[in-house]
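Summary of structural features
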Amino acid sequence: MDSPDIHAVIFDMDGVLIDSEPLWQRVEFETMTALGLPITYEDTLQTTGLRIDQLVEYWYKRYPWPDYHDITNGLKTYKGKENNQAVAQRIVNQAIIAINHDAKPMQGVIEALDNCQSQGLKIGLASSSPSIMIEAVLTKLNIKHYFEVTKSAEHLAHGKPHPEVYLNCATDLGISPHHCLAIEDSFNGLIAARAANMQTIAIPALDQQHLSKWQVAHQQLANLHELADYLRKKNRKK
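The present account deals with the structure reproduced in this document. (Residues numbered from 1 in each chain as written. Predicted model: local features only at pLDDT ≥ 70, side-chain atom pairs only at ≥ 80, totals over all residues. Heavy atoms only, no water.)

1. What about the overall build of the protein chain?
Cut-off, in case you're wondering: Secondary structure is summarised from DSSP: a helix means a run of H or I of at least four residues, a strand means a run of E of at least two, and numbering begins at the N terminus for each. C-alpha atoms define the radius of gyration in this analysis, and the globule rule sets the expected value at 2.2 Å times the number of residues to the power 0.38. Working definition: with a 1.4 Å probe on protein chains only, accessible area under 20% of the residue-type maximum means buried, over 50% means exposed, and in between means partly exposed. Using a 1.4 Å probe, accessible areas were evaluated by the Shrake-Rupley method; residue-level cover was limited to the displayed protein chains. Working convention for charge: Lys and Arg count positive, Asp and Glu count negative, and His plus the chain ends are omitted. Working definition for charges: the position is that of NZ of Lys, CZ of Arg, CG of Asp or CD of Glu.
In terms of regular secondary structure, the protein chain is built from eight helices and eight strands. Over its C-alpha atoms the protein chain spans a radius of gyration of 18 Å, differing by no more than 12% from the 18 Å that the globule rule assigns to 238 residues. The principal-axis extents of the C-alpha atoms in the protein chain amount to approximately 60 × 35 × 30 Å. For the protein chain, the residues scored as buried account for 50% of the 238 residues in total. Only carbon and sulfur atoms are counted for the fraction: they give 51% of the accessible area of the protein chain, which is about 11,500 Å². Side-chain charges of the protein chain comprise 22 positive and 28 negative groups, with the mean position of each set lying 3 Å from the other.

2. Details of the sheet that holds strand β6 (residues 180-184)
Keep this limit in mind: A pair of strands is labelled paired if DSSP reports no fewer than 2 bridges between them. What makes two residues a contact is simply this: any of their non-hydrogen atoms within 4.5 Å. Here the axes come from fitting lines to C-alpha atoms, over the contacting stretch only for helices, and the angles between their N-to-C directions go from 0 to 180 degrees.
Taken together, the six strands give an open sheet; going across it, the order is β5-β4-β1-β6-β7-β8, and neighbouring strands pair in parallel fashion. Every other strand in the sheet has two partners, leaving β5 (149-152) and β8 (219-220) as the edge strands with one partner each. Pairing geometry for strand β4 (residues 122-127) and β5, over four bridges, is parallel. Paired with L125 across the bridge in β5 is T150. Docked against the sheet, helix α5 (residues 131-141) engages β4 and β5, running at close to 140° with respect to β5. Contacts from helix α7 (residues 187-195) reach β6 and β7 (199-202), with the element oriented near 165° to β7.

3. A word on the pattern of salt bridges
Between side chains of opposite charge, a pair can form as their charged atoms come close. Inclusion rule: Each reported salt bridge corresponds to a side-chain nitrogen of Lys or Arg within 4 Å of a carboxyl oxygen of Asp or Glu.
Summed over all chains, the structure comprises eight salt bridges. Between E184 and K160 there is a salt bridge, with the nearest N and O atoms lying 2.7 Å from each other. Of this pair, E184 sits in strand β6 while K160 sits in the loop between β5 and α6 (164-173), placing them 24 residues apart in sequence. The class of E184 is buried, set by a relative accessible area of 1%. Two residues, R232 and D229, come together in a salt bridge whose shortest N-O distance is 3.8 Å. One end of the pair is R232 and the other is D229, both in helix α8 (residues 227-236) and three residues apart, which spans about a single turn. With a relative accessible area of 39%, R232 lands in the partly exposed category. A single salt-bridge network, built from bridges that share partners, covers D12, K160 and E184.

4. Things to note about the packing of aromatic side chains
The following threshold applies: Between the rings of Phe, Tyr and Trp (Trp by its six-membered ring), a pair exists once the centres lie within 6.5 Å; its type follows the angle of the planes, with under 30 degrees stacked, over 60 edge-to-face, and the other angles tilted.
All chains considered together, the criterion is met by six aromatic pairs. With centroids separated by 6.3 Å and ring planes inclined at 85°, the aromatic side chains of F11 and F147 adopt a geometry described as edge-to-face. Linking F11 in strand β1 (residues 8-11) with F147 in the loop between α5 and β5, this pair joins segments that are 136 residues apart in sequence. For the pair F11 and F147, a shared accessibility class is recorded, and that class is buried. Pairing F29 with Y41 gives two aromatic rings, centres 6.0 Å apart and planes at 70°, and the pair type is edge-to-face. On the criterion of sequence distance, the pair formed by F29 in helix α1 (residues 21-34) and Y41 in the loop between α1 and α2 (52-62) is long-range, its members being 12 residues apart. For Y41, a relative accessible area of 32% puts it in the partly exposed group.

5. A closer look at empty space enclosed by the protein
Put simply, the test is: With a 1 Å grid spanning the protein atoms alone, the term cavity applies to any set of points in which a 1.4 Å probe fits but cannot get out, the term pocket to an open set with protein on both sides within 12 Å along at least five of seven lines, and the term lining residue to any residue with an atom within 4 Å of a point. Grid points are joined across faces, edges and corners, and a volume is the space filled by probe spheres set on the points. Throughout, the ten residues Ala, Val, Leu, Ile, Met, Phe, Trp, Tyr, Cys and Pro are labelled nonpolar, Asp, Glu, Lys and Arg are labelled charged, and all others, Gly among them, are labelled polar.
If you walk through the whole model with that rule in mind, you get one cavity of 30 Å³ or more. Computed from the structure, the largest cavity encloses a volume of approximately 230 Å³. What lines the largest cavity is a set of 21 residues, among which D14, E21, W24, G49 and L50 lie closest to the centre. For the lining of the largest cavity, the secondary structure elements donating two or more residues are α1 and α2. Of the residues forming the lining of the largest cavity, the biggest block, four residues, is contributed by α1. A per-class count over the lining of the largest cavity returns five nonpolar, nine polar and seven charged.

Structure representation (structure tokens):
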């Protein structure tokens, strides 16, 4: 049985549109080890695709740290609930700096967006990153004009792997989730899109493309250059 027609393409952002996952990992690793956590750089892969507050909570539950001392803010000390919020904000701030300086678009981004437009598909974005980060990335890549809807999970009750951010994006696009194609690089994001009953493409990082977990996706691609051919084949089945 053929899958439903595609009327909209919803992109994840980090690792799909911009090569920011290594920067997030670096900032996460530097922050957590500075707090005394005994984690490795590879351990940060466990939190790929999570919302920033979920990421911080993930590590805090495993290695609770004492009060956070922010030396960039007049040696201010954060306690209790503000503790983890301050750590999360520190990671976001450092990630934005890193992205503005170092991040580059992923392979085939403009080609993919142009192709979606030429086929009359609606284009959305559903990201775990906060809105300030989405704005920074879309501005840096000069691609904001392609997106009819951009959604962040930052203020939702649940972030990815919960499907809410994808469902909200589909609703605002006016397209049934069954007719949406979600493009993800993380397993948490892929689970979110599948839970939203969307068609899915996984484009994992090069060193993870061999992993069997990506079989959860309807299709795995090496990069966005391959999206145009995939969409053409889908359209031939209409």
